[in-house]
Amino acid sequence: MSVYQYVADNDPKGAELIINSFGYEVTDRRSLGQSLSELVSQVGEPALRKIMEYHPDKEIILELNGDDKKSECGCGNCKKTRTQEHYMNASGNETPKEAKPDTLAHQTNVILVVATLFIVTALIYKNN
């Protein structure tokens, strides 16, 4: 479940208010999670921040991640890394952090080649 769907399921009125606050209208109340996702795609960080204000577990998340601000050294790089981590997995995908699209594409290609070789080998043995 994506963070957008989670917020929409737990606070549908809040989700509708968020969408309306950016000048959009809700056309289908059954797909509020998808609408929030599209809103973030269109508007960006301001929309994501607004959605997170309505997150049902906001207090717990802030409590668990509150110590991150103390570890900043002021170099600018710490803040950039922390900001990037906040956006990871907002869509609810289960892709590991270290898995890059190139790595996943390569793994998929390897699986396809091995499967093809297996099928060809099976057909050769069947015909003999």
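Analysis parameters
- Residues numbered from 1 in each chain as written.
- Predicted model: local features only at pLDDT ≥ 70, side-chain atom pairs only at ≥ 80, totals over all residues.
- Heavy atoms only, no water.
- Helix = DSSP H or I, 4+ residues; strand = E, 2+ residues; numbered from the N terminus.
- Buried < 20%, exposed > 50% of the residue type's maximum accessible area, 1.4 Å probe, protein only.
- Contact = heavy atoms within 4.5 Å.
- Salt bridge = Lys/Arg side-chain N within 4 Å of Asp/Glu carboxyl O.

Enquirer: Please clarify how the side chain of H55 should be interpreted in this entry.
Expert: With respect to the helices and strands, H55 occurs in the loop between helix 4 (45–53) and helix 5 (58–65). Overall, the relative accessible area of 9% leaves H55 in the buried class. Apart from the residues within four sequence positions on either side, H55 is in contact with V3, Y6, V7 and I61.

Enquirer: Would you explain the pattern of salt bridges in this entry?
Expert: Pairing between side chains of opposite charge can happen when the charged atoms of each approach one another. Inspection of the entire model under this criterion finds three salt bridges. Salt-bridge contacts for E16 lead to R29; the nearest nitrogen and oxygen are separated by 2.8 Å. Placement of the pair is E16 in helix 2 (residues 12–21) and R29 in the loop between helix 2 and helix 3 (32–43), with a sequence separation of 13 residues. The shortest N-O distance in the salt bridge between R49 and E45 comes to 2.7 Å. Here R49 and its partner E45 are both found in helix 4, four residues apart, which amounts to about one turn of the helix. Taking relative accessible area as the criterion, R49 reaches 53% and is therefore assigned exposed. Residue class for E45 comes out partly exposed when judged on its relative accessible area of 35%.

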